[in-house]
Structures are given as structure tokens and as C-alpha cells.
Amino acid sequence: MLTGCAEDGAGPLHDEQEQRTPVNPNDSAGDGTDAEGRDIAGTRTVFVMNTERFFTAVGVAVRGKDMSANPPEILIRNGRTFTRIRGSPYAGGYRFLNVPEGEYYLKASATTYVVTDEQHVEIGRNRLGREDTVFTEQYYNPLHLNLTNLAPWNASAPYQNGSRLQFTSGEVEFLGEANIFDTIPNGETRLDTQNAFLDSYLGGTPVFEAAKGDRLYVNQLTAVNQGYLPSGQLLTASTVVRSMEVPAFDYVPDGMTPLSISGAMQNVPLSNVSLEWRLGSYAPLASAVHPAATYRSAAFYIEASAHGPEEGWVGYSGEVFAATLPQGAAFTLAQNFSYGNPYPSHWRMIGTAYHTYTTAEVPPGLGGPPRTLRGNITVVDELENLVVNPIIPTLTPPRGLAIDGIPATSQRVVGNSSPVISWQPPANGAPTAYRVTVQHLHPEFQILTTYGSIFLPSTTTEVRLPPGYLAPGSIYFLRVAAIDSPNADVTREPFSSYEKLPSVYADTVSSLFSTP
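Within any chain, residue numbers begin from 1 and follow the written order of that chain's sequence. Per-residue local features of the predicted model are confined to residues with pLDDT of at least 70, and side-chain atom pairs are confined, for both listing and counting, to 80 or more; whole-chain, interface and lining totals are unaffected and use all residues. Side-chain metrics rest on all non-hydrogen atoms present in the structure, leaving aside hydrogens and water.

Chemist: Sorry, what's going on with the nonpolar core here?
Modeler: The nonpolar side chains of soluble globular proteins are, as a tendency, buried together. Residue types Ala, Val, Leu, Ile, Met, Phe, Trp, Tyr and Cys, when buried and joined through side-chain atoms within 4.5 Å, form a set referred to as a nonpolar core. The buried label applies to any residue whose accessible area, calculated with a 1.4 Å probe on protein chains only, is under 20% of its type's maximum; exposed applies above 50%, and partly exposed to all values in between. In this structure, Trp277 and Phe300 are the most contacted members of the largest nonpolar core, which totals 79 residues. Each helix corresponds to a stretch of at least 4 residues labelled H or I by DSSP, and each strand to a stretch of at least 2 residues labelled E; elements are numbered beginning at the N terminus. With six residues, strand β34 (residues 475-484) is the largest single contributor of residues to this core. Ignoring sequence-local partners within four residues, the contact set of phenylalanine 300 consists of Leu275, Trp277, Phe321, Ala322, Ala323, Phe337, Thr352, Ala353, Leu383, Leu386 and Ile391. If you look at the next biggest cluster of nonpolar residues, it comprises 25 residues, including Phe174, Met244, Val246 and Phe249. Should any heavy atoms of two residues lie within 4.5 Å, those residues are considered in contact.

Structure below.
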């Protein structure tokens, strides 16, 4: 007998019959549905694909990703309960028969869902680098460096403005930084050390293959004066001042074999970009993020987009410029920024303006020091497009964030492990989508980590978390982002949508809450 969710919404799922309709090579219906698999009235067939695209300087390689180990599922919300529909492999993806018309929840992974009404959904991701790249499980590898012609080393400044070495590649997906244990004197222009490690930021370090042209950029970032703020304070920013591209080489990371790099760093000429950033218009939005939030900080980044499509960017190749403004800066910044760009002309520059808002709460039932809760308002676009007009808030956070109809901005124990998260549209701006992010507080470390996400169209302003999404007796935190990205479609291509430009994200956040 099939059982539904209990009255409190925390029960099990209804389970539709498992669909195992085989692929029919003689299908001539035109919609991918064989004659024996016709949908009943009021339903349709849904197709889910997982296509990975790999971007390099020579083009884009495309391949389908096997989903058999973690097949997608469809959940149909029926008030307090859900019905699950299982699909079957079909034409390189998954096919779901007899899906009722209207919105459904597509389960793409254990804690990632897409709320959509589309018949065809692509859950694949875009990747940077060769399709056949081999990734290891090594995140840290010994590093031997013999570099000359460095810019005078700055060891005394804080991390964000001190000298550091960053590594990235246009052939394989990799971004890393040197962790140097030797003391480097201020003003030093040569580095010869065997006492360093290369830390990989994007996952396991890839295997580099000379025969396939795998190269590596070594970039030195250091503080460069950017002029004076309206307060009279000197603004410095971290930017690339020296660079070297290591020719194609072989390297298999194993955690013991050092990566040896030697050569003369080359000067990187500085370019200028002018902007008008009206920070004072962002400060009053703190209470829209959370009633107890304060406007914490603002930062401006220029990042490299290697081989990305025209409508967006792919992967992450590191920053060429990073400026963090003084805490609570609420003035209009009309400034020229100087930055170094060591990359080929077809690598586009992406500008990002971050505005961070914080509050702090003591974890319920645990005590201890308050934990910082963050929300952001972020603006991203190609650099030349971002600065053509003043940077001002065009989208504000969602309003009225609630859990089961009760405001989510004070701590409480929710009534069940499958609550309804709801909100109202922003006071300003027209979002194209929403994203609900759930973070989990680990009591042993008292740190918050991202637990899962749900992507929704702009027409939907509530979502019931599926049964089992939240664990009993646990502490969570919610962030709901309004998204304005006119070239993106989270209902059809959710996981490549965040790469589309331009994009604005505006968060509202909850207080910490507990499950029974």
C-alpha cells in the first residue's frame, strides 16, 4: 500500500510505478515517446538530459554524462504531500511518463532541486578545459620554485594586499596558489625555494600532459595604490603585476613528487577602468537582508573568463584585481582602477561588485559565541558593460521571508522537517528567478556549510522542502536570492544559468532555526 506524507508534512513519499520503458529505435512519433508509452490525458512526457560542455581555445567538446548512479527523479507536490515519479534511461537522458501538467520538482542530486514546468530540462554543466582531463585526489602538492624578476615582494601587508603567487591554466581546469613556508624579505625580486606547496582551489589537481599542450600561468599579485577615497584614506588593491606562462609540460600529482617551475617573470602593463559606484545606495538595504543585519563591506573584483561563450563565462580562472573598501563604506566612489591582465585578448574581463551584510546569532541549544550570518547583493557583468553606467541597486532582496507562514527572522523550532518556505517579490526590480539555499550548522565545529539549493522561476514565491530534506534535531539557515539574469533560464538550464551575463543577485536571510 502506498503511504503519503503525514499531516505535519514529514512523512514518506507516494511512489508511482517505476518506469522501465525501453528505447524504441523505430519510434516515429516525433516526441520521443513510443506508441505503448503514450501519456494519459492531462499529463506529458518529461525529458531530462545531462550534457557537459568543455570549453578550450580550440572549441567546445560535448558529451553526455551517465546518470545511472544518481538518476534524476520528479516529485509532484500535492498540498502537504508529494508523489514521486521515477524515470527510465532514454536516448542518453531520462524519460518520465505521465507527469501532470504544471510545476514539478526535479531532483537533480540528493539536495538540489529545480522547480519547473518544462518538458525538456538540461541539468548539465559547462566546464573549462579538455574533455579528457584526468583529475587526481591530490589537493596539495610539493612545489619547487626558482623565479626571477619578481616585482618587489610585499610580505608585510594583509593577505588581500600582500604579494602572492596564483596559478591557472587555459587547457585544463585548474586554479591554485602557492603556500610558501620560507620567509621572503620585503623588496625581494627573486624566489628560490623547495619549501612550498601548491594548493588546488577547484578540487583535485589535474594531470598535465605536454603532448596535449597543457600549460600553466604563474601570476604574481601584489598591492597597487589606486588613489584616495572621499574620506582621504589611501585605497590599495591586489592586482597582477608579473606573470609567466610555463610551456607545455608533464606532471602527475601524487602528493610527493614536486612540481618544479623556473623562469623569469614578465612585467604586466597596467590598464585603467573608470567607474562610478554609488555605495551609499546599498547601505540602507541592510534591513531588507535581515532586520538585524548591518552593511558590512563592499568589494570589487575583475576576473578572467577563458574561452567562455558570448553570453557568459565558464569555470573560474582567478582574479586579476581585488579591492576591498573600508567597513561600512557608504559614499559614491568615482575612481580609476589600475589592473594587470596577462592573458590573451580573447580572455574577457568580468567585473563583480559585492555588497555584504551580516548579523550574528548564538546557535540555539548550543550556546557559545555568536555565529555570523551573511547575505549579499552582487552585480556581475563584462567589465566594460558593468562600468558604462553608475553601479546602483537595480534589484532588492525578497521580502517577508517566512517558514510555514511565520516570519523567519527570529529563532524557533519549526513544526516539521518539510516546512514551506515563502517570500514576497522584491520592492524594486524584476527578478527572473529565485534560489533557495539551505545551510547546515555542524554542532561539533559550529560552522555553517551549504547543504543544498532549490532553483525556482520568478512566478513561484514558495517551496515546500521535500520529506527527508532536513534532518531531525538539526540547526539550519536559509538564504533566498532574487536573481535578475535576462539571458538565463533556470527552469530549462539551471546549472549553467549562473554563468549568464549580466546577473544581479539579492539575498534575504533567515535566523537560525531548528528541526524537531
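Chemist: Looking at this structure, I do not really get the confidence of the model for the protein chain. What am I missing?
Modeler: Fine structural detail should not be taken from predicted coordinates in areas where pLDDT scores are low. This prediction gives the protein chain a mean pLDDT of 92; 93% of its residues lie at or above 70. Confidence scores here are pLDDT values: one per residue, from the predictor, ranging 0 to 100. Throughout residues 1-11 the model reports pLDDT below 50, and contacts reaching past four residues in sequence, or to other chains, amount to 28 contacts. For residues 17-36, every residue scores under 50 in pLDDT, and the model assigns this stretch 42 contacts once sequence neighbours within four places are set aside.

Chemist: Got a minute to help me understand the side chain of threonine 460 in this structure?
Modeler: Along the chain, threonine 460 falls in the loop between β32 (447-457) and β33 (462-464). A distance of 2.6 Å separates a polar atom in the side chain of threonine 460 from a polar atom in the side chain of glutamate 103. When near neighbours in sequence (up to four residues on either side) are disregarded, threonine 460 contacts Glu103, Trp423 and Tyr434. Identification of polar contacts relies on pairs of N or O atoms within 3.5 Å, with a donor-acceptor requirement for protein atoms, meaning one able to donate a hydrogen and the other able to accept it, and with residues adjacent in sequence counted only if both atoms are side-chain atoms.

Chemist: Which parts of the structure should I look at to understand the sheet that holds strand β28 (residues 406-407)?
Modeler: Whenever strands of a sheet pair, they do so through backbone hydrogen bonds, lying parallel or antiparallel. When DSSP finds at least two bridges between two strands, those strands are taken to pair. Here we have four strands laid out as an open sheet, ordered β28-β27-β30-β33, and antiparallel in their pairing. The outermost strands of the open sheet, each flanked by one partner alone, are β28 and β33. Across three bridges, strand β27 (residues 399-403) lies against strand β30 (residues 420-424) in antiparallel orientation. Note that in β30 the partner of alanine 402 across the bridge is serine 422.

Chemist: Would you explain unusual backbone geometry in this entry?
Modeler: Note on backbone geometry: most residues besides glycine have negative phi, and most peptide bonds are trans. Here the residue pair leucine 501 and proline 502 is connected by a cis peptide bond, since its omega of -5 degrees sits within 30 degrees of zero. Along the chain, proline 502 turns up in the loop between β34 and β35 (503-509). Not every positive phi belongs to a glycine, and alanine 91 is a case in point at roughly 50 degrees. The residue alanine 91 is located in the loop between β7 (88-90) and β8 (93-100) in this model. The phi dihedral of histidine 307 falls on the positive side, at around 65 degrees, and the residue is not glycine.

Chemist: Please explain the pairing of strand β15 (residues 175-180) as it appears in this structure.
Modeler: Along any regular strand the residues' side chains alternate between the sheet's two faces. Most of β15 is tucked away: five of the six residues are buried. Bridge count between strand β14 (residues 164-168) and β15: three bridges; the pairing is antiparallel. The residue bridging phenylalanine 167 from the neighbouring strand is glycine 176, located in β15. As consecutive antiparallel partners, β14 and β15 are separated by six residues. Note: β15 against strand β16 (residues 191-200), five bridges, orientation antiparallel. Residue pairing for β16: asparagine 179 is matched across the bridge by phenylalanine 197.

Chemist: Help me understand the packing of aromatic side chains, please; the structure alone is not making it clear to me.
Modeler: Any two rings among Phe, Tyr and Trp, with Trp reduced to its six-membered ring, count as a pair given centres within 6.5 Å; such a pair is stacked if its planes are under 30 degrees apart, edge-to-face if over 60, and tilted if neither. With the rule as written, the count across this model stands at 19 aromatic pairs. When the ring of tyrosine 301 is compared with that of tyrosine 354, the centres are 5.5 Å apart and the planes differ by 85 degrees; the resulting orientation is edge-to-face. Separated by 53 residues along the polypeptide, tyrosine 301 in strand β22 (residues 294-305) and tyrosine 354 in strand β25 (residues 348-361) bring together distant segments of the chain. In this structure tyrosine 354 comes out as partly exposed when scored by relative accessible area, which is 29%. An aromatic cluster is defined as three or more aromatic residues linked by ring pairs; in this entry it consists of Tyr113, Tyr451, Tyr469, Tyr476 and Phe513. By definition here, charges over rings are those cases where NZ of Lys or CZ of Arg is within 6 Å of the ring centre and within 35 degrees of the ring normal. Lying across the ring of phenylalanine 495, arginine 125 places its NZ or CZ 4.5 Å from the centre.

Chemist: Explain the pairing of strand β18 (residues 234-246) here, please?
Modeler: Judged by how many residues are buried, β18 sits mostly within the fold: 10 of 13 residues are covered. Direction of pairing for strand β17 (residues 216-228) relative to β18: antiparallel, over a ladder of 11 bridges. Its bridge partner lying in β18, tyrosine 217 is registered against glutamate 245. In sequence, β17 turns back onto β18 through a hairpin of five residues, with glycine 232 there showing a positive phi of about 95 degrees. Bridge count between β18 and strand β23 (residues 319-324): two bridges; the pairing is antiparallel. Among the inter-strand pairings, serine 238 is bridged to a residue of β23, identified as alanine 322. Taken together, the two bridges between β18 and strand β20 (residues 266-267) define a ladder with antiparallel strand orientation. In the strand pairing of β20, serine 243 is matched with glutamine 266.

Chemist: Mind showing me how you'd approach the pattern of salt bridges here?
Modeler: When the charged atoms of two side chains with opposite charge come close together, those side chains can pair. For this analysis, a salt bridge means a side-chain nitrogen from Lys or Arg found within 4 Å of a carboxyl oxygen belonging to Asp or Glu. As enumerated under the stated definition, the model contains 21 salt bridges in all. Residue arginine 44 is joined to glutamate 101 by a salt bridge in which the shortest nitrogen-to-oxygen separation is 4.0 Å. Taken as a pair, arginine 44 in strand β2 (residues 43-49) and glutamate 101 in the loop between β8 and β9 (104-109) lie far apart in primary sequence, 57 residues in all. Taking relative accessible area as the criterion, arginine 44 reaches 9% and is therefore assigned buried. Residue glutamate 101 is classed as exposed on the basis of its relative accessible area of 52%.

Chemist: Honestly, the sheet that holds β8 in this entry has me stumped. Any pointers?
Modeler: Here four strands make up an open sheet; going across it, the order is β7-β8-β2-β11 and the pairing mixed. One side of each edge strand has no neighbouring strand; the edge strands of this open sheet are β7 and β11 (120-122). Put simply, the sheet's adjacent strands are angled 35 degrees from each other on average, direction ignored. Relative to β8, β7 is paired through three bridges, and the arrangement is antiparallel. Within β8, the position partnered with proline 89 by the bridge is tyrosine 94. Axes, fitted as lines to C-alpha atoms, cover a helix only where it is in contact. Angles between the N-to-C directions of the axes lie from 0 to 180 degrees.

Chemist: What exactly am I supposed to notice about the environment of aspartate 182 here?
Modeler: With respect to the helices, strands and loops of the structure, aspartate 182 is situated in the loop between β15 and β16. Judged by relative accessible area, aspartate 182 falls into the partly exposed class, the value being 33%. Distance in space between the C-alpha atoms of aspartate 182 and glutamine 194 is 8.8 Å, their sequence separation being 12 residues. Residues contacting aspartate 182, with those up to four places away along its chain left out, are Thr193 and Asn195.

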